[in-house]
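Residue strings, one per chain:
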Amino acid sequence: MVPAVLDDDGDAGMVLERAAQTLAINRLAERDRRDLTRQAQAGLLNVLRQPRGLGEGEAQTRAAALGLRRSAFYLPVVFRSGPPAGVPGTSDPDSGGDPLAGQQEERALLEQLARALKSVPCTAISAVIRSGSVGMILALPTKQLEDEALRALAGASAAENGDGRESGGAGNASRVDSGAGNASRVDSGAGNASRVDSGAGRKDSGAAGGAAGGAAGVDSRAGSRWTIGVGHLRTSLLEAAAGIDEAVHVAEAAATLPGHGREFFRATDIRLRGLLALLRKDPRVQQFVESELHGILQAEARGEEGHVELLRHFLESGGNKTALARTSYLSRPTLYSRLGRLEELLGVDLDDAESRTSLHVALLVHRLRAL
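Our subject in this report is the structure included herewith. This is a predicted model, so every value here is computed, not measured. (Residues numbered from 1 in each chain as written. Predicted model: local features only at pLDDT ≥ 70, side-chain atom pairs only at ≥ 80, totals over all residues. Heavy atoms only, no water.)

1. Brief notes about the overall build of the chain
Of the regular secondary structure elements, the chain holds 13 helices and 6 strands. Burial analysis of the chain (371 residues in total) assigns 45% to the buried set. (Helix = DSSP H or I, 4+ residues; strand = E, 2+ residues; numbered from the N terminus. Buried < 20%, exposed > 50% of the residue type's maximum accessible area, 1.4 Å probe, protein only.)

Below is the structure:
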């Protein structure tokens, strides 16, 4: 809209064209500033994780230049996109999917975090630390703000994974102050959900039917989701940066947990699964898995699908056949027949508690091997 009436339509067109050019240049400059800030934060986070002689004082000074205020406590946090391969309904972000789409998801998450980091007295630096994973060091003036800040971050990831009403694209990206970059404040009102369904949310794929041999419904998602792993609260910035690896481990292990609405995960939440995630690459552990699951893995390789899922649902039901029949909408004779086939393939008695424990551990490791 031209602010004044012009006699010449050509003059009006020129004014509008120059205004459009000015807006375009301003948006490009803003985007360049955000990109430079992200690059600087990514470089700093990498240096902090591998300091090589960098002292705490210098680390604090460099972080302050990117907006991370000196605080009493620092918390490492990692956001992982989607569970790894082997978990029903989703795929591993590193497994060869569209890399451009993955980068767009990461950028969208960083923009949502920057938008959310505004309302409580916390600052942060954040960056992509590997494909499908965003790392963050959150500066907290008091311990009491920890859960509030984490809930706000969970809300930001929920907005990014939602129906698109809030995430916006690059054009709607949140403004990042040149002095503070992405290191802004955490929105405490942003809701809570670390394992967040995108779009349509959670739905069951029905009784395992053909694919799962009639087991209980499979948790599937209509898109990616972010799982939040949290390390230990530290009083040193460098110690918090070193804790990023712990947060990565927590997020990866937690990504394989069945959905239960937890907002974020700490090491105490992943328990046995976390231990197995650390041991999963040990050849002796891998041999144990192959030995325990050989029968059903070979059967599925021949095209007899559904055995692994049936075993998973049976074990998650605690071996309760009545409950499994009810949740899978199968008649008991049908379910007992399929469980009998499982016992035949595995060569074990599924009523034996020790056999179920061994199978459950083997199945957990099998699902974690794709991490």
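Still more ground to cover, so stick around.
2. Topic: the pairing of strand 2 (residues 123-130)
For a regular strand, side-chain orientation follows a simple rule: the groups alternate between the two sheet faces. Note that strand 2 and strand 3 (residues 133-140) share 7 bridges and pair antiparallel. Bridging across to strand 3, Thr123 finds its partner in Ala139. Taking the residues between adjacent antiparallel strands as the criterion, strand 2 and strand 3 are bridged by 2 residues, where Gly132 takes a positive phi near 85 degrees. (Pairing = 2+ DSSP bridges.)

3. So, the side chain of Glu309
Structurally, Glu309 is set in helix 10 (residues 307-316). The class of Glu309 is buried, set by a relative accessible area of 16%. For Glu309, the side chain forms a polar contact with the side chain of Arg312, separated by 2.8 Å. (Polar contact = N/O pair within 3.5 Å; in protein donor to acceptor, adjacent residues only side chain to side chain.)

4. Some remarks on unusual backbone geometry
Peptide bonds are trans in most cases, and residues, glycine excluded, mostly fall at negative phi. Despite not being glycine, Arg271 shows a phi value in the positive range, around 45 degrees. Mapped onto the fold, Arg271 is located in helix 8 (residues 267-279). Since its relative accessible area comes to 68%, Arg271 is described here as exposed.

5. Considering a nonpolar patch on the surface
Together, Leu272, Leu275, Leu278 and Leu279 make up a nonpolar patch on the protein surface, roughly 370 Å² of accessible area in all. Position of Leu278 among the secondary structure elements: in helix 8. What makes Leu278 exposed here is its relative accessible area of 61%. (Patch = residues over 30% accessible without salt bridge, like charges linked within 9 Å, V, L, I, M, F, W, Y side chains within 5 Å. Areas by Shrake-Rupley, 256 points an atom, 1.4 Å probe, with all protein chains shown as cover. Salt bridge = Lys/Arg side-chain N within 4 Å of Asp/Glu carboxyl O.)

6. Let's talk about the sheet that holds strand 3
Pairing in this open sheet of 4 strands is antiparallel, and the strands run 2-3-1-6 from one edge to the other. The open sheet is flanked by strand 2 and strand 6 (226-230), the only strands paired with a single partner. With strand direction ignored, the average angle separating the axes of adjacent strands in the sheet is 25 degrees. The sheet contact formed by strand 1 (residues 73-81) and strand 3 spans 8 bridges and is antiparallel. Following the sheet pairing, Val77 is matched in strand 3 by Met136. (Axes fitted to C-alpha atoms, helices over the stretch in contact; angles between N-to-C directions.)

7. Considering the nonpolar core
Grouped together as the largest cluster of nonpolar side chains are 33 residues, with contacts concentrated most on Leu293, Ile296, Leu311 and Leu350. Those elements that place two or more of their residues in this core are helix 7 (244-254), helix 8, helix 9 (283-301), helix 10, helix 11 (321-328), helix 12 (332-346) and helix 13 (353-368). Ranked by residues supplied to this core, first place goes to helix 13 with 6 residues. Residues within four places of Leu293 in sequence aside, it is in contact with Leu311, Leu346, Leu359, Ala362, Leu363 and His366. Counting residues in each nonpolar core, the second largest holds 26 residues, with Val77, Leu113, Cys122 and Ala124 among its members. (Core = buried A, V, L, I, M, F, W, Y, C linked by side-chain atoms within 4.5 Å. Contact = heavy atoms within 4.5 Å.)

8. Regarding the pattern of salt bridges
By the definition in use, this model includes 18 salt bridges. A salt bridge links Arg107 to Asp35, with the nearest nitrogen and oxygen atoms 3.1 Å apart. Residue Arg107 is found in helix 3 (residues 99-116), and its partner Asp35 is found in helix 1 (residues 9-49); the two are separated by 72 residues along the sequence. For Arg107, a relative accessible area of 36% puts it in the partly exposed group. Glu290 is paired through a salt bridge with Arg369; the nearest N and O atoms lie 3.2 Å apart. On the criterion of sequence distance, the pair formed by Glu290 in helix 9 and Arg369 in the segment after helix 13 is long-range, its members being 79 residues apart. Under the relative-accessibility criterion, Glu290 is labelled partly exposed at 36%. Connected through shared salt-bridge partners, Asp35, Arg38, Arg107 and Glu111 make up one network.

9. A word on helix 13
Since the α-helix turns once every 3.6 residues, residues separated by three or four places project in the same direction. Between its first and last C-alpha, helix 13 extends 23 Å over 16 residues, near the 22 Å set by a 1.5 Å rise per residue. Among all positions in helix 13, only Ser355, Leu359, Ala362, Leu363, Leu364, Val365, Arg367 and Leu368 are buried. Of the surrounding elements, those touching the buried residues of helix 13 are helix 7, helix 8, helix 9, helix 10 and helix 12. (Expected span 1.5 Å × (residues − 1).)

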